[in-house]
Each structure stands twice: as C-alpha cells, then as structure tokens.
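Structure assessment
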Amino acid sequence: MIKKLLSAIMAFLLFMAVAFAQNTTVTGKVTDENGAPIVGVTVLVKGEKTGVNTDATGNFSIPRAVGKTLLFSAVGYESTQGVTKGGSLQVSMKTDTKSLSEVVVTGFGGSQIKRELTGNIARVKGKDIEFMPTPSVDAALQGKAAGVFVNSQSGKLGQAVTVRVRGNSSISANSQPLYVLDGVPITSQDQSTYGGDMNPLTDLNQNDIESIEVLKDASAGAIYGSRAANGVVLITTKRGKAGKTNVTLNVQSGYAEATKRLPMLDSEQYAELILEAAKYSDDKDGTPLNDPFSYTTYVKNDVMDYYSYGQWSKDPKKSYDWQDAVFTKGPYKQADLQIRGGTDKTKFFSSFQHLEQTGTIIGNSLQRTTGRLNLDQKANDWLDLGVSMSLSKTFNRRLPDDNAFSNPLQAVALNPMTPFKDPQTGLPAGAPPGDVNIPLYYNPVLSIDYASFTQDVFRTFGNSYLKMKLVKGLTFQTEFGMDYLSQNEEGYFRSETVRNQTSAVRGAGNNTGSFITNYNTNSYFAYNLVKNKHNLSATMGMQYQQSQAKYNSTAGTDFPSNSYQKIASAATKSGGSSSQTDFRFLSYFLRSNYTLMDRYIVAASGRIDASSRFGKESRKGFFPALSAGWIMTNEKFLSKVDVLSFLKLRASYGIVGNAEIGNFPQLGLFSGDAGYAGNAGQRPSQLRNDSLRWETTKQADFGIDFGILNNRITGEIDYYQKKTTGLLLTVNVPASTGFTSIVRNVGKLENSGFEFVLNTQNLVGAFKWSTNFNIAFNKGKVTDIQKQIIEGGVSSMNRVEEGYNVGVFFTPEYAGVDPNNGDALFYKNTKGADGKLDKTKTNKYSEAQRIVVGDPNPDMIFGFTNNFSYKGFDLSVFFNGIRGNQNNIYGMGRYSSASMLYEDNNTADQLGRWRKPGDITNIPQVRLYSTNGSQASSRYIVDGSYIRLRSVTFGYSVDARLLRKYKIEKLRVYVSGQNLLTFTKYPYWDPEVNADSFDSNIAKGNDFYTPPQPRTLLAGINISF
Amino acid sequence: MKPNIQIRGLNYILSAALMIVLLTACEKRLDILPYQSITADQALETEGDVNVTLIGAYDGAQSAATYGGDIMVLNDLIGNNANINFTGTFAGLTDAYQTLMTSNNSFAAGTWIGAYNTINRCNNVLSALDKVTSTPARKSSVEGQALFIRASMYFELVRLYAKAIGDGDASSNPGVPLVLTKTVSVSNADYIPRSSVKAVYDQVVADLTKAETLLPASNTIYATKWAAAAQLSRVHLMLKNYAAAGDAANRVIAGSGKTLNPDFTKLWFTFINNGGANPTEYIFSFTVTAQDGANSLNTYFGRNVGIAGTAGRSDCKIKAAHIALYETGDVRKTFFALSGGNNYTRKHLDRYGNVPIVRLAEMYLTRAEANFRNSTAVGATPLSDINLIRTRAGLPVLTTLTLDAITKERYLELAFEGHNLHEAKRLQKPVGLLSWNSPKLILPIPQREIDVNKSLVQNAGY
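If you're wondering where the values come from, they're calculated on a predicted model, not measured in any experiment. (Residues numbered from 1 in each chain as written. Chains lettered and ligands numbered in written order. Predicted model: local features only at pLDDT ≥ 70, side-chain atom pairs only at ≥ 80, totals over all residues.)

**Let's talk about the overall build of chain A**
Each helix and strand counted, chain A has eleven helices and 51 strands in total. A compact globule built from 1025 residues would reach a C-alpha radius of gyration of about 31 Å, and chain A, at 32 Å, matches this within 12%. In terms of its C-alpha atoms, chain A occupies a principal-axis envelope of roughly 110 × 65 × 65 Å. Excluding contacts between residues fewer than 6 apart, the proportion of contacts in chain A whose partners are at least 24 apart in sequence is 69%. (Helix = DSSP H or I, 4+ residues; strand = E, 2+ residues; numbered from the N terminus. Rg over C-alpha atoms; globule rule 2.2 N^0.38 Å. Contact = placed C-beta atoms within 7 Å.)

This is the structure:
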C-alpha cells in the first residue's frame, strides 16, 4: 500500500521537479549501507514543502538546492540530511531498526504502523530468518516473537513442530495457530501416514517471506474469529519493487551432527550389572549360580554370548556403542536465487530454491525445490491485480516413529557386546542368512539398509487478487486462493526386515496418495478517511473456505524379488483404501479503526463464522473485539520529556474461537470398516451431539509501548488474560456403553501472563551493536473439566487436572531407595482428612497415589539476539531458552534405567545402583526380570529447562565500491552455526523433545528414544547484482 | 487523476452489486456429510444392514484386545507364569506376568473396552431383528450369533474382572455392568453399577442356551449350535455344574460331526499349511487373513523360527520346567521350537494363523472330568475320553484315572491356549506363590472406567 502510494507521489513530484528545474539543481544518488540504490526516497529542501523522490536507480535531482540542507526520508530507513556546495551529493541511508515505524500486517489487506496498533501483533521480519537452515517457517519463529513457544520436537527432518501462542487454549481441539499465507489459510496439519507427524509448512520456502505477523490478542485476532484462539500467523511473501532488477544469489553448504551422545554402558559394565542382577534372582530362588538352569547361566550363554555371536566369552572387553551405528554426519546444501524488480505499473518477485539436507540419523534426508512468482499489475487508475504462485516439491526419506523397534535410536537398547556386523556374513547384525533373532531387539539398521519409506509432496500455493478503487477512500478487493497439497508416500520393506515388518516375508510394499485441496476466497471493502484530526479506516467482507481431503492407498506383499518394489509386482494385494473428508467455513468480518489527533485510537472488529463442523442449530458464532490506545507522548504534558520519545497505553478485549476438532464431531455415526474374514461389516463409531458448538476464548490484553532516547530503546510490556470456556472436550463415557468418548462443550481453562520486548541500539557509530530481547511468562490453569479424566503420553502419565496446566505429569512420587535392602520406595501420598498428603514411604507401588509431579509447559520462554557490525563485518548471536518445564524420560527409562527388568543396555548412570546395605543412592538394586522401581513415577520426570545458542552468524561484506566495476552490488560471505551450545540439566539427548509416537495436545515433553536436534555448521556466499 | 462522474456512478452501482453478492453467499454449502461413515439413524434399516452389523460384531470380537488373543495371552501370563519367561516390553503385560498390575493396566483397559464395544455391536443387531425378514431360519441364526458373541464377551469379562465362583458369595460379589440394549446416546441411565457375578453368569447361561437352540448346525466360519454348546460347557464347568458341563460337551461331541485330528502337530499353522482352512477339530475359531484380523497369541508367543510365515515378538519363552512336565514320547513335548537358546510353543508361530476359541479335544476333557466327578458315563467313560487324547499324543493308554490325571491332561493338551488362570481358579490351585483367590489374579476395573462412572466399585487391591 505505502509503496504504491509512494510511487504515485514520486511520479507526481518528478513531474513537478522537471517543470521547475533550474541551474542550481543538486543531483545525487541515495544508497543503502551496502551501496544498493534506494528507490522512492523523499528528498526535501529543509524549510520547503516541495521535494522529489529518487528514481529506480536511486538517483534524484532537486532544483534550487545548492548550499541548502536536504532532508532524506524513506520508509524503513532512518531519516538523514546533507548539504552540498557543488551540484552533486551521495547519500547513504541506514536501515531503520527502530521498530515503532514499522508497518505491521493485520490481515485482509490491512496494515498499520506499529505505533498506532491497539492489538498485540508480534512481527518477525523475513530478513531475520533468511538463509537460516531452519527447516520450516514455524521453527524459525522460535525465540523471535514474545509469547510464542516453539518446540521442534525431534531431530528428524521435516517433522511437526509444536507452536503455542500464549499457552494452550484447548485440551482436545488443536492448539496450533492458524497459518495464513498471503490471505489463504493453509493446510498446516500432518498428512503423512507413516512415522511421526510431518509439518506441511516445510513446503514453503522461508526465504520468500517478507514478514511474519503473529496475531496474539483478541483484538488482533478477532478478524479471524473462530479460528484465532490459538493465535494467527500471517505470512506475507516478498513482492516486486519498482526499480532496477535486483538479482540475489545465495549458496550455502555445511553439515549437521547430533547435538549430543548419551553415555551408555560398555560391555564390561553391562556384564557387571546384568550378572549382579542375575545373582540376585538366583539367590532369591536358591539356585546355584552355575546351575544349568540358573539365571546367571542363562544370561551368560543365552544373552551375552548369544547376542554377541559367541564373542563375549572370548573377549568380554569388546564393546560397541550402537549410537555410532545410527548417528551420522549429514551434509547440507542450499542454493537460492531471488529476482526482484519492476516498473511503476508492473512489479515482480521471483525465487528459486534447491535444498538438500541429510539427517543426523542414518537414513533420513530431505530435498526441496521451490519456485515462486509474485506479480502485481496496475491496470489503470482504479484497478490493480496480481498473482502469487509458488510451486514446490519436497522429498523426504522418512524415519519410523520413535516407538518403533526400527527407530534407529532404539539401537541404544541393544547389548553393547553385539557387534554391528554379523562376523559370519559381514552383513548388519540380524540380516539373513545370519541369525535373524540377533540382536536382542530388531536391529534398526536393517530398516535403513533394506527398507525405505519416502514421501513426495507437491505443493502449490496460489493466490490472485483484483483491487478496485471505487470512490475516494473506498476500495474493493477480491481474492481467490488455493493451497493444493498432493502427496505420494511409498514404502518398501525387503524380506531382511521381516523381524520388524512381519508381512515382509517375501517383501512388502505400500503406496499412498493424499490430495488436499483447499480453496479460499476473500472479498472485502476497505474504507479510509482522513479529515483534519480524524483518521477512520474500516474493512468489511466475507471469507469462504472449502477444504477437501482425498486419500487412497494400496499395499502388497509377495514380490518376485527385491528388484520389484512397486505394487504392480506384488502377488498379494494385501490392502487398499480410499477415503475423503471435507470441511467448510463461511465467515463475515468487520474491522474499524479510528484515530483522533494522532493520540486517541479506538478499534472494533468482529466476525461471524459458520462451519460444517457443527450442527445446523449451533454452527454460527459471533466473535467481537474492542480495543483502544492512547499515544501519551503526543500530549502536551509529555512532549517536553525529552528522554521519553514514545509512550502508548493500549488495552483490548474480545472473544475468539476454536473449531479444530476434526470433521463431523457432532454426528452419531456408523462406520463401514468392520469387515471380518473378507466380509463387509459396519459398526457404531461415534455418539451424536446436536448441540456441539465453538470453543470460545475471551481475552483481555493491556500493553505499554515505549521509546526512549529518540527511540534508541523501544519496548513493549503486555499483560494478558485468556479464558477459554465451552472447551471442545473429548469427554470420556463409560466404556460399558460401547463407546469411550463423546465430544462435548465442557470445561474451562485460562492462561495469563506477561510479555516484555526490548530492542536497543547499544552502539550506533562505526561499530554498531543492537539487542533484541523478548521474554514471556505464561501461567496456564485448567479451572473446570467436570472431573473428566483426560490422559495421554507415555504410560498415560500426561494428564489434565483441575488447577494445573494442560498435560501435567501425574504419577506416583518416587522416594528413592531403601538403604537397607535396595528396594525402590514411593511416597504414599494418600490424602488425609486434613487434606495433607501422607508422606510415608512404601515399597509397594500400588499403595502410592498419583499426584502432579511436573509440567511439560514452560513458565518462561525467551529469545535474546545481539547483532554487531563493524565496517564490512557483521555478527549475529541468538540465544533462546525455556524454563520451568519438565520432561518425561520414562519412555526409554523404563527399559534402560529399570534395574535389569529387561536385558536392555542401560544408561551409564545406572552404575550408581544400590549394592549393599547402607548404600545411599537413588538407583535401586538390580534384579533380573523383576520390577524394582521401574514403574512409572517421578523418578523419570526431569527438568527440561534449557538455554540454547540457537544460531551464530558471522559475515563479511566486501566494500561496495570495490565491487562496482564488476557490476556487483553486494558480496557477502558468512559462516553460520545452529544449536552450537545447549545449557541444560537434562540427562538424555535433547531437552527440546516431544516423542512423535505420543504427541497430542496434552502429551508433551515425552522422550522416547527421540532423535536430538542437529548441530549445523555451514558457510555461504551471497551475491547481489 | 479524478475519475469522471460517469465512472463514479458506475462504481457506486458496482459497490452495491458486490455488497449484495457478498451478503447472499450460500450457507447451504455448509451442509455436508462424511464419506466413510453414515449417520446412525440410517444404519439399521434393512436386513442387509443387520447382516453387516453382525459381521461388525465378529470383527469386534476378533480384535486383538478380545478374542484376537489378548484375553488368552493375559490368561497365560497371569495364570501360567511359572512356565513362561516373559521378556516382552509392553509394560501392561509385564505387570500382568509379574502379577503386579495397577488399575491403569493398558491391557486390562483394552480388553474391557473391546469387549463392551463388541457387546454394543451385538445389542445393535438384537435391536433390529425385526428387519430380518427373508426367512425365519435366518432371523434365528442372526439372533443366535449375536447372543453367542455377547454371552462370550460377558463370560470372559466376569471371569477376568470379578471374583471366581467359590470365592465368597456369587450373588453378592460384584460382576460387571450388564448392558443388554444398544447405546444411542449417553445419559445418566448409562452410568450403571456392576451386576452381581451370579447375575452375569445367569445372563450368559440364558443367552448361550437360547443361542444353542437358535443357531444352525453348520454355518461356515460363523458360530454354530456347537459353538454355543461348547461355550456353555465351559460356563458350567466354571460354575461347577458338572452334569450340565458334561451334557453340553457331550452334545458337541455327539452332534457336531467333528473329529479329533489324528495328528496333534497339524492342529496349527492354518495359514502356512492349510491356506487359512481350519482343522476338523476346531469348533469355533476366529479367522485371520493377510488383510484382516488379529492374532495376538502369535504376536507375543510367536517367533520367526526360520519357517517362512512364522513371526512374532519372541516375548514368551517357555521354561524348561514346563517341557519336563510331558512324558517321554508325548508329541506335545516336542511341539516346541528351540531358537536362540529358548523354547517357543509351536502353537502360535503362524503369523496369520486362525485363533481357535474351542476345539474338540477340550470337549472330551470336559466330558471326562464331569463324568469322573459325578461318577457317570454320559457319552463315554472318563477313561476312554482321556485315552483318546493320550493316544493322539502318542502316549500309552491309562488303566486307572484320578482327577489330577484328568486336569493334568487338560493342562498339557490346552497349554498356552489361554486357559490357565481360570483353570487355577476353578480347581482352586495356587498360581506361583499366590492363592487361587488372590485379588492379584483378578484384573482391575480400568481406572478410566472407575473415574468416569462413580457407581462402579473397584476390585480389592487396586
């Protein structure tokens, strides 16, 4: 908008300039810090009202200006001035990093200068996340926006990311934000049929992004009404600029490695532990250790010797860390080409990207190729039109979900004496013709060497618009957008994997197609009136979205040989399916802003939503919001306080909703999937609820925006309260009814918190140093679920409990080890008549009551970025962290820290077990095949706080003057590192974890042999001409 | 440039027109329905609908959580743990094996949920019998099958989740909730307490007795008169109604036309060796195909022993002590696969093997025990019935009989087929160190059920 306006002004002023040109004209060129020309800079003679704009090459010419002071201003740049006695002037303008003058996108064509905002919108500039090896745009938000919690969950490539804006707003309905790309709500939920959830946002090239706006409060979000309770992420892609065509090429390459290795027992330590455990069990049974049927004999012969191909008895020191077999160094390569330019009438932005990434876990790789063209055309005085189109192909060689024996990280469970290769065959352990029952569990390496599961996603994001100027101040815009996701998944499992994939006796294959067509149309009027001291703007319109998802799949077994891997060759077609599901939304919205005297701002917005997801009688919802702001520094009484350059108070209140409960939750249903022995069958599958309706969240936000010392220090302070009622809850019903649950509007929860944002220009001379800091504190509390029991996660340890945050860990409390006998102890925690918990210890697990012992949701999240530059050098150091959350390591702990209940290898810390009376330790006595403290308990709930050096980038830009003769505008070389350091007490691989096999709204913070985040190191070069 | 008056007028008209288009966008487009499902009110309108719902009931009963095998697996892990070395990683099964279950045991919950889900499917069939109009025989058959499945589920529930017969007073011991009508919606009336053990057994006996009269004598893979009678013989055995148990078993032996397989070792591997067909000895089984069906006995007891089609998690290793129980020369003694230093039963190696629920051998054993206890000879003498089983196993005939000899034969013949917990309770024999009536041998009412339904009482010890 602003750019278009500026172009128009520029044209006008150029005309004026030509008309009045005289000999005292000053000509010159305005460039940015890198020497690139800036188009559309307003150049004024101080004290005069007329001025000119720079042209497409940054040149300007202004009459009667010799010897006079010229003022230069442009959006996005710091204003500057200059004087010349001669006729020419070279001016360099600095990028304006003082955020108050930024323009913020508000949805449905709207934008607002940040200083006038009354709602809470966090903005992340595309520039800040450009050319980072973060896999997707949501992951790139991590630590960049206050109050937006991002957890990347796993080191597997392209997997789903948890994003929570101001806490969990829901229990059973989806709590991920709504993603809107250039006006189109896009498919952001997993569409894969294998392994953990995938992230469809991976298909978007994040280098195409101009800005990301996160609509956090109700005032900002109400225009997305029923879909805004979890926050709305507006993604705006780059558009063309009038001026010289700018070509940028960025090439980077490097490699990634797992951030951590976990210390496990070696062969000797393992033997010590398991033999000690076997001795205990033998002593208990009164069996002599050397008895042929003793546990000890069994462990020696049938565990350690058998699983080491007889090697252990010959060389008990030989040891293998199975992490070496599954972790790998993964190369990373990426090339980006961006071309941007245009004329007054036609502007374009186009980009191409190719990315190749190999995972830090064997067998995982991702390749993405994308192209984009965004085109804007000014057809005539009253009509603008344009299109955006992005095509992408993402290929992913997938890994199984965490809770699969074929998950490579589960190899750590294998005995350390088991060699990677079968000494007889030289093939991976467990590969036929060798003994397929070695190792202890299925060797996951087989699934890498002899199987593959690949996912190809073809994604089209398209959007076209027409914008008409109807009468003065009134425009009409209509947009049609489409997000088409076409996905093919193919798996083939060779017979070598049969221990894991039991259908693969003679090979097993499958092939799945998913086609998600998501249409969206927005049509709206926008009105703007500026009169004297009044500024009024309003937007009103409708949105209709229709999503159709179609799936088909086939599976086959019995292939002629492993050379045939398509279902066409399968002798048995063992499975086949097709299915479809749709949803639709019809919405009307209104938003208006009124500003009086640049001081008092009020805004109102509202939306009426109707959705196919609810019953006819209850499917409409109204979502209004009101907000107000007061720019105090524009009042006389503050205008003299020089230190304070800006101060605004704002407040908002509104209602937003959530409908992400899946399709058709309101209907009583039968499903036709209950066939038996080749005969079709049906079954009752869902209970009806005619009155099911929206979940609503009422949110109040109070904020202060400030600027100090000529806005060198700016910041925001916000306090918010979110109260969600009528939760779309999957409510348990007695299973004796034949059903386990029904979706009802039951219950309430609330979130409240503070957010602080501080941006400072610490040094502004030749050596520049700026800091961006954001920190947020959220307190979530479920206030009413009418005694519903809602559980999830590993061993159902995550739970929804009244008075606590969603998904707290609810399990017996571990009380350490009885020093006399090595028994694991638990606190009884029986509630007494006085409400106090009985802290008596017991070794009987069943006597211990479950209590809340942890919370996977952080209390505090922060991001801290420091940017330095000196001459051509730039350095950016970015930390982020979370605090106050716990993780659950029971997933792996129950096997690897389980006092030898199983034959699994143990984590090295288990050497500290109880051995003799008097030993003081937290690790119980080892007892082969017996349970001693390995039950679910707080023993496995551990601190998940961390501070992570998320990225460091060091770059050098070659002096633009040296490049000029090669027609190069900019040449920058850089090195960059991701996840270089992690400060945490977390005992396993990575505190930033959430096992994909268990992931749900309430099941967070679980670790189940989950791959850690990669540490990536890369070097790159960026050239513009 | 200013737009001229005409354009401006046009624009007003355009604005108005756009406004109208906007506001009349069609709300009807929101009336859409799912594709893979139909609404419940149109699901049971024809005989065909009832037939496919009955298939759905078989599908439910065949799920892994119920007769797909978990019921039998739990039985052996809890009741036969002295003979099995369980090394699996499913915590719910580990706890069952160690008789350290908690109320959150996932398998206890799964079986409860699966059984009631199946019961509701049966109740849906029974609610729409009036739609079955093709022939009276068909109507009887449909009703009989639904009653058979429902009664079987209740029988398994009351045996697993309540005190055994003989442990206190069955008419006051809590059994399980009895739901005999289909669920359309959930209201307060659906939060029902546990009926007494006796009430549940009474219902089971009534349903199976009726099913036996309604069902046809042959019915392909589906339930027959003989399936109902065989199940009834088990029920009466649990109830210690030996005469009725013997009579029911005798009806199966005499009427079903089934014969003992001459070769014990050919009783399994229905998929690998028989292409999915059952041996003649099976009275009722659940069919597994490559596309459909669960066999969790295979899942936990099975292992890839090098024969194509064998698979499993190798979780249940059979202890040498068990194999020592068989006499020398017993073919059943050799029906174990030694692999990786451990023995695995060959009964459950076939990945797609059918899951037998009742086979004829059990009827002989039941008849023998009933006759022995009552000093009768309904159908045959106990000695000849037992010798039939022994001869088939390649053993010399016995000349005298004791109750212990009968129950030992029963144990060895039916080992790892999911009987041992109930056998221990029936015969009041200890399980490991636990007495037959120990609360640890009773599954917990799932915690989720206790939590949601306040009228339920939990079993002792949970």
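**Details of the interface of chain A and chain B**
Frequently, the measure chosen for interface size is the accessible area removed from exposure when the parts meet. Across the contact, 76 residues belong to chain A and 79 residues belong to chain B. When residues of the side of chain A that touches chain B are assigned to their parent elements, the largest contribution, nine residues, is made by strand β26 (residues 572-596) of chain A. Among the residues making up the side of chain A that touches chain B, the classes are represented as 32 nonpolar, 33 polar and eleven charged. Where strand β30 (residues 669-671) of chain A and strand β1 (residues 37-39) of chain B come together, three bridges link them in antiparallel fashion. Opposite Ser671(A), over in β1(B), you have Ser37(B) as the bridge partner. (Nonpolar A, V, L, I, M, F, W, Y, C, P; charged D, E, K, R; others polar. Pairing = 2+ DSSP bridges.)

**What to know about the domain arrangement of chain B**
All names here are of chain B. As assigned here, chain B comprises domain 1 (44-186 + 194-223 + 434-462) and domain 2 (264-283 + 324-429). Between the C-alpha centres of domain 1 and domain 2 there is a distance of 24 Å. At the junction of the two partners, domain 1 supplies 16 residues and domain 2 supplies 13 residues. Partitioning the side of domain 1 that touches domain 2 into residue classes produces eight nonpolar, six polar and two charged. (Domains from an automatic or database assignment.)

**Some thoughts on unusual backbone geometry**
That bond from Pro432(A) to Pro433(A) is cis: its omega, 10°, falls within 30 degrees of zero. Mapping Pro433(A) onto the fold places it in the loop between β21 (383-397) and α8 (445-449). The backbone phi angle of Ser314(B) is positive, close to 55°, even though this residue is not glycine. Relative to the helices and strands, Ser314(B) resides in the loop between α10 (296-301) and β4 (316-318). Despite not being glycine, Ser375(B) shows a phi value in the positive range, around 55°. Counting through the fold element by element, Ser375(B) comes out in the loop between α12 (360-374) and α13 (382-392).

**A look at the sheet that holds β1(B)**
Strand order in the open sheet formed by three strands is β31(A)-β30(A)-β1(B), and the pairing between neighbours is antiparallel. Each edge of the open sheet is held by one strand with a lone partner, namely β31 (683-686) of chain A together with β1 of chain B. Strand-to-strand twist of the sheet, defined as the mean angle between neighbouring strand axes without regard to direction, takes the value 40°. (Axes fitted to C-alpha atoms, helices over the stretch in contact; angles between N-to-C directions.)

**Remarks on the pairing of strand β12 (residues 162-165) of chain A**
Residues and elements named next belong to chain A. Residues of β12 alternate between two faces, with Thr162 and Arg164 on one and Val163 and Val165 on the opposite face, all of them buried. Bridging between strand β11 (residues 148-151) and β12 involves four bridges; their strand directions are antiparallel. Directly across from Val148, in β12, lies its bridge partner Val165. (Buried ≥ 20, exposed ≤ 12 C-beta atoms within 10 Å, placed from the backbone.)

**Considering the sheet that holds strand β43 (residues 841-842) of chain A**
Residue and element names in this part refer to chain A. Strand order in the open sheet formed by three strands is β41-β42-β43, and the pairing between neighbours is antiparallel. Among the strands making up the open sheet, the edge pair consists of β41 (814-817) and β43. Bridge analysis of strand β42 (residues 824-827) against β43 gives two bridges, and the strand direction is antiparallel. The partner of Tyr827 across the bridge, within β43, is Lys841.

**Re the confidence of the model for chain B**
All names here are of chain B. Taken as a whole, chain B shows an average pLDDT of 93; of its residues, 95% reach a score of 70 or greater. Across residues 1-5 the pLDDT falls below 50, and counting only partners more than four positions away or on other chains, this stretch makes four contacts in the model. For this predicted complex, the interface confidence comes out at an ipTM of 0.92, alongside a pTM of 0.87. (pLDDT = per-residue confidence, 0-100.)

**Description of helix α6 (residues 136-161) of chain B**
Between its first and last C-alpha atoms α6(B) spans 37 Å; for 26 residues at 1.5 Å apiece the expected length is 38 Å, and the two agree. With 21 of 26 residues buried, α6(B) is to be regarded as a mostly interior element. (Expected span 1.5 Å × (residues − 1).)

**Re α12(B)**
All names here are of chain B. With 15 residues, α12 extends 21 Å between its outermost C-alpha atoms, agreeing within 8% with the 21 Å of an ideal straight helix rising 1.5 Å per residue. Burial of α12 is extensive: 13 of the 15 residues sit out of reach of the surface. Ser375 sits one or two residues past α12 and shows a positive phi near 55°.

**Focus on the environment of Tyr222(B)**
Looking at the element boundaries, Tyr222(B) is found in the loop between α7 (197-214) and α8 (225-238). A sequence separation of 77 residues divides Tyr222(B) from Gln145(B), and the C-alpha atoms of the two residues are 7.8 Å apart.

**With respect to the packing of α12(B) against helix α14 (residues 403-413) of chain B**
Residue and element names in this part refer to chain B. Between α12 and α14, the least distance of the axes is 10 Å, while the angle of their chain directions is 165°. By the angle class used here, α12 and α14 are roughly antiparallel. By crossing handedness, the relation of α12 to α14 is classed as left-handed. Counted together, Ala361, Leu365, Ala368, Glu369 and Phe372 of α12 and Leu403, Ile406, Glu409, Arg410 and Glu413 of α14 form the full contact between these two elements. In terms of residue class, the contact of α12 with α14 is made up of six nonpolar, no polar and four charged. (Parallel < 35°, antiparallel > 145°, perpendicular 65-115°, else oblique. Left-handed = near helix turned anticlockwise from the far one by under 90°.)

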